[in-house]
Amino acid sequence: RLLKRSVFFSVQDEAVDKSNFKNCNHIAFYRRQKLLHPGKSLYQALLDSVTLCNDSVKLQIINEKNKVPLLVEIYAIEGNIFRLKINEVSPLKSRYEVPDVLIKEPTTQRLSIAQKEAGILVLTCASEDRKLHITANPFQIELESKGETVLSVNTNGLLYFEHLQPPPQNRLANNEEGRSLDQSNLDHLENQEDLGLWQEEFGSFLDIKANGPSSIGLDFSLHGCEHVYGIPEHAETLLLKNTSDDDAYRLFNLDVYGHKIHDKMGIYGSVPFLLAHKPNRTSGIFWLNSSETLVEINTKAHVPSRSPPDITKQRVVPQTDVRWMSESGIIDVFLLMGPNPFDIFKQYAQLTGTQALPPLFSLGYHQCRWNYEDEQDVKTVDAGFDEHDIPYDVIWLDIEHTEGKRYFTWDKKKFQHPKRMQELLTRKKRKLVVIIDPHIKVDPMYTLYSQAKKKGYFVKNRTGQDFEGICWPGSSSYLDFTNPDVREWYADQFAFKSYKGSTDILFVWNDMNEPSVFKAAELTMQRDAVHHGNWEHREVHNLYGFYQQMATAEGLIKRSGGQKRPFVLTRSFFAGSQKYGAVWTGDNVAEWSYLKISIPMLLTISIAGISFCGADVGGFIGDPEPELLVRWYQAGAYQPFFRGHANIESKRREPWLFGDENTRIIREAIRERYTLLPYLYSLFYRAHTTAEPVMRPLWVEFPKEQETFGVEDEYMLGNALLVHPVIEQEATTVNVLLPGSDEVWYDFRRFRRLDYPGTLKIPVTLESIPVFQRGGGVVPLKTTVGRSTEWMTDISYELRVALDSKDFAVGELYLDDGHSFQYLHKKQFLHRKFTFHKNVFSSSCADEIGQYHTKCVVERVLILGVQKQPTSVTVSLHDGKDKEVVFTYDAKSSMLTLEKLLLNVGADWEIHIK
Ligand code: NOJ
């Protein structure tokens with residue numbers, strides 16, 4: 001039996017008290033599913049039931065014990081994806097199917113039946129060389145691509161489906177024989193063990209299940225794979241670990257203050273998307289379910305069943321088995337067949353959407369703390385950046401800026417003149433972000449509350465009253481963002497006339513949206529709370545934050561008349577959150593280990609589709625020693641979302657508070673970030689258009705190089721830069737892996753060519769940020785920085801060209817106005833391509849559709865890896881005129897520098913090097 005224990009909670013505890021949270025054994029559906037052991041599946045396919053439809057193949061399977069039939073639907077989806085849906089043939093009531101996450105109904109391709117005999121069904125997909133082998137008894141599916149078995153389903157027989165049943169007291173009235181059969185089995189077990197069928201306890205908390213048990217599960221085998229990634233969010237390694245009993249990866253959005261690292265417990269966000277990789281193929285499993293989900297992983301050596309019978313010739317290959325278990329809903333899973341990592345990213349984005357293109361300012365540096373006290377504090381901190389010559393774009397206000405934690409209001413004493421404060425920031429070409437949480441203070445005098453109450457917009461408890469829980473403002477109700485009417489109404493709250501004191505430089509931070517509910521089971525909403533459409537909270541739990549961010553982003557777009565890109569940071573997220581903005585990794589700690597774990601955490605979030613992610617620079621909880629703070633700034637400068645943040649109890653830590661030397665080094669790191677913005681913005685454009693993660697694990701760029709598969713202390717930013725932040729205290733060297741035997745690498749700051757790829761011991765000082773440019777790429781930079789991104793529009797460009805072993809390089813630059821949707825609606829953008837080939841460096845148009853005029857010029861070109869001193873360098877413009885170019889050549893570093901070029905960044909030109 002579970003221990004009856006009152007769950008104690010304190011927000012200011014330094015580290016997480018894990019006893020506030022469940023481990024696997026506390027989870028009833030997990031205990032129930034674990035009664036099913038690997039072996040022959042209880043399910044058989046009824047091949048007579050196979051029907052070939054235009055968009056799918058449907059068939060029934062039946063559980064040999066309880067005889068309940070399930071409907072299996074198989075879809076081939078354009079772009080090398082299969083979808084498998086399993087639901088009850090005739091459920092007692094509808095089961096939850098996740099809406100709003102897929103960007104559209106996927107385009108299907110016709111399947112044909114190639115064979116249907118002797119207990120085997122073979123389906124083929126015409127356009128690509130793909131096949132599905134379905135065996136009837138036991139029910140199993142094998143997915144084949146170009147003759148290779150990539151993945152198989154239910155090979156361990158772990159298909160599990162609890163069909164809906166009438167509650168025990170109604171059962172006599174219901175004389176459906178088959179239905180009550182396995183229920184009585186479970187009831188029998190329930191007497192011996194706590195299976196939590198109709199209710200479940202955790203400590204003093206009770207969850208009453210209106211629909212009884214409704215859990216689902218399935219296993220997948222990934223052939224030839226021993227490296228699997230994804231399923232954020234966990235404070236864990238990049239490579240997923242084998243799970244042992246009772247230690248599955250948990251996907252359940254929770255507010256875990258100071259979460260433990262190297263732990264598989266669920267924290268703020270969930271993306272049920274797993275990637276598997278081997279040198280010749282990447283594949284993916286996207287488990288579309290928003291209820292609590294557990295994932296077990298087991299990598300083993302496997303003897304393929306189709307090996308020749310002669311034992312001595314049997315090959316042993318690795319195989320990873322993945323078992324997914326969810327509390328409720330249906331089985332709806334997408335199997336992504338790759339074959340390469342970038343195909344997987346595209347396939348996943350085809351389903352859930354790409355990263356929203358961020359407004360340029362949001363790629364600058366953000367200064368946050370809980371809290372900037374008042375308007376004077378904001379003014380002083382803002383001025384501090386100018387005094388210390390440190391660029392920054394956004395200052396943030398945490399919950400204390402409101403009137404008693406009533407969001408959309410201002411504390412009348414501390415923020416008397418919010419507009420005046422924003423006007424000051426506007427003059428400085430900077431922005432403001434304010435926090436807006438999903439809980440609403442129960443206060444009839446608070447208009448937001450009374451309106452929402454009247455309209456019935458709050459989540460209800462099981463007895464039909466507005467759910468009330470405790471959060472920052474005390475007793476609070478929670479907006480039901482799953483309701484489209486609530487989202488629309490909420491979006492309207494951002495209109496300038498509704499949100500008093502807001503201006504168009506105000507953007508939004510959604511926090512506590514797991515949702516966080518103090519003094520509740522696991523600090524979140526009870527699962528028996530009721531949402532729009534009468535769905536229990538358990539069904540939609542992992543979607544709650546996704547919907548809040550969606551509504552907030554919509555509100556910001558609406559208030560601008562559809563003109564401007566929103567910026568919304570969210571703590572809780574789900575698959576598809578990338579469409580609405582940025583995420584951060586929540587309440588980390590000012591310790592070296594948290595700086596270290598931020599890299600695999602961000603990489604995992606990035607490959608799960610959410611490119612715009614970051615961790616609190618400095619560590620939220622506690623006080624970083626100056627060295628740690630400096631190192632964190634250096635790491636953050638080369639990560640997608642770059643924000644310094646600190647807890648209310650932490651000492652002030654604006655970048656200039658740690659002595660001149662540390663201020664100088666932090667300034668350098670932030671300035672480096674600002675010079676890098678053209679490259680970063682171009683990467684975000686690629687994430688937006690072609691779903692390439694901005695920050696990516698090494699293996700994504702070097703999919704055949706085994707030694708990269710587990711690397712998590714360095715990463716690629718785009719395809720041209722390798723970053724190895726210093727994450728060890730008092731480091732004097734770092735070991736950097738420069739992968740690829742044919743690759744050429746250059747030190748990004750000192751331009752020197754690093755001759756031998758492999759692991760290099762690189763000496764570092766406190767100033768070093770080990771960044772390396774890959775030969776073959778061109779990185780666009782700004783030649784200097786301004787006080788914020790908006791001050792930098794006209795600053796000229798430098799192009800950093802790094803030649804590969806064939807003296808070739810290619811790269812690109814994307815630019816637009818940085819804030820509107822005109823790039824989309826009016827084609828107001830420039831997309832340029834830079835190529836170095838046969839001693840000619842040229843600028844050409846990468847996308848003829850784009851029309852954007854800028855006076856901005858390329859001023860400097862640095863070419864790394866030029867073997868000998870040129871005799872002349874000339875530039876020819878498209879008007880046919882040639883001009884001599886001033887150049888210097890440094891033989892020691894093989895670097896050619898071309899200066900004072902003044903070539904319009906939007907024009908075609910060629911530079912000839914002789
Ligand atoms: C929790 C968030 O994770 C943190 O960043 C924020 O400062 C506090 N809530 C207060 O709003």
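Residues numbered from 1 in each chain as written. Predicted model: local features only at pLDDT ≥ 70, side-chain atom pairs only at ≥ 80, totals over all residues. Heavy atoms only, no water.

- In the nomenclature of an unreviewed UniProt entry, the protein corresponds to Glucosidase alpha, neutral C from the organism Chrysemys picta bellii.
- Note on the protein: under the UniProt heading Sequence similarities (unreviewed entry), the record states "Belongs to the glycosyl hydrolase 31 family." (UniProt positions renumbered as here; feature names shortened; annotations may be inferred.)

## Some words on the packing of aromatic side chains
No. 1: Under the definition given, this model contains 51 aromatic pairs.
No. 2: Centre to centre, the rings of Trp287 and Trp324 are 5.5 Å apart; their planes meet at 15 degrees, and the pair counts as stacked. Taken together, the positions of Trp287 in strand S18 (residues 281-287) and Trp324 in strand S20 (residues 317-326) put the pair 37 residues apart, joining distant regions of the chain. Considered together, Trp287 and Trp324 belong to a single accessibility category, that of buried residues.
No. 3: Ring pairing ties together the aromatic residues Phe361, Trp396, Phe507, Trp509, Phe567, Trp584, Phe612, Phe641 and Phe684, which thus form one cluster. (Phe/Tyr/Trp six-rings, centres within 6.5 Å; stacked < 30°, edge-to-face > 60°. Helix = DSSP H or I, 4+ residues; strand = E, 2+ residues; numbered from the N terminus. Buried < 20%, exposed > 50% of the residue type's maximum accessible area, 1.4 Å probe, protein only.)

## Here we look at the site of the ligand
No. 1: Residues in close proximity to the ligand total 13 residues, the closest being Asp398, Asp511, Arg571, Asp587 and His645.
No. 2: The side chain of Asp511 places a nitrogen or oxygen atom 2.7 Å from a nitrogen atom of the ligand.
No. 3: A total of 290 Å² of accessible area belongs to the ligand in isolation, and the protein chains cover 98% of it.
No. 4: A per-class count over the shell around the ligand returns eight nonpolar, one polar and four charged. (Near = heavy atom within 4 Å. Polar contact = N/O pair within 3.5 Å; in protein donor to acceptor, adjacent residues only side chain to side chain. Areas by Shrake-Rupley, 256 points an atom, 1.4 Å probe, with all protein chains shown as cover. Nonpolar A, V, L, I, M, F, W, Y, C, P; charged D, E, K, R; others polar.)

## Details of the nonpolar core
No. 1: Judged by nonpolar contacts, the single largest core of 175 residues is most densely connected at Phe286, Leu432, Leu479, Phe567 and Tyr638.
No. 2: Here this core gets ten residues from one element, more than from any other, and that element is helix H10 (residues 592-607).
No. 3: Leu59, Leu218, Leu240 and Trp324 belong to the second largest nonpolar core, which has 51 residues in total. (Core = buried A, V, L, I, M, F, W, Y, C linked by side-chain atoms within 4.5 Å.)

## Comments concerning the UniProt feature "domain: Glycosyl hydrolase family 31 C-terminal" (unreviewed entry) in the protein
No. 1: Residues annotated in UniProt with the feature "domain: Glycosyl hydrolase family 31 C-terminal" (unreviewed entry) correspond here to residues 692-779.
No. 2: Summarising residues 692-779: 5% helix, 36% strand, and an end-to-end C-alpha distance of 17 Å.

## Section: the sheet that holds strand S32 (residues 582-584)
No. 1: Strand order in this open sheet of eight strands is S33-S32-S31-S28-S24-S23-S22-S34, and the pairing throughout is parallel. The strands lining the two open edges of the sheet, one partner per strand, are strand S33 (613-614) and strand S34 (642-644).
No. 2: Examined bridge by bridge, S32 and S33 share two bridges and lie parallel to one another. Bridged to Val583 within S33 is Cys613. (Pairing = 2+ DSSP bridges.)

## Things to note about empty space enclosed by the protein
No. 1: All told, the structure shown has nine cavities of 30 Å³ or more when counted by the stated rule.
No. 2: Roughly 100 Å³ of volume is contained in the second largest cavity.
No. 3: Forming the boundary of the second largest cavity are 15 residues, of which Phe345, Ser606, Gly609, Ala691 and Glu692 lie nearest the centre.
No. 4: Looking at the lining of the second largest cavity element by element, the count peaks at three residues for helix H3 (residues 341-352).
No. 5: For the lining of the second largest cavity, the per-class residue count stands at seven nonpolar, seven polar and one charged. (1 Å grid on protein atoms, 1.4 Å probe; cavity = no way out; pocket = protein on both sides within 12 Å on 5 of 7 lines; lining within 4 Å. Points joined across faces, edges and corners; volume = space filled by probe spheres on them.)

## Focus on the sheet that holds strand S36 (residues 715-717)
No. 1: What the six strands build is an open sheet, ordered S35-S36-S37-S42-S39-S40; its pairing is antiparallel. Each edge of the open sheet carries a strand with a single partner, namely strand S35 (695-696) and strand S40 (753-754).
No. 2: Of the pairings in the sheet, the one linking S36 to strand S37 (residues 721-723) comprises three bridges and is antiparallel in character. Looking at S37, one finds that Met716 is bridged to Leu722.

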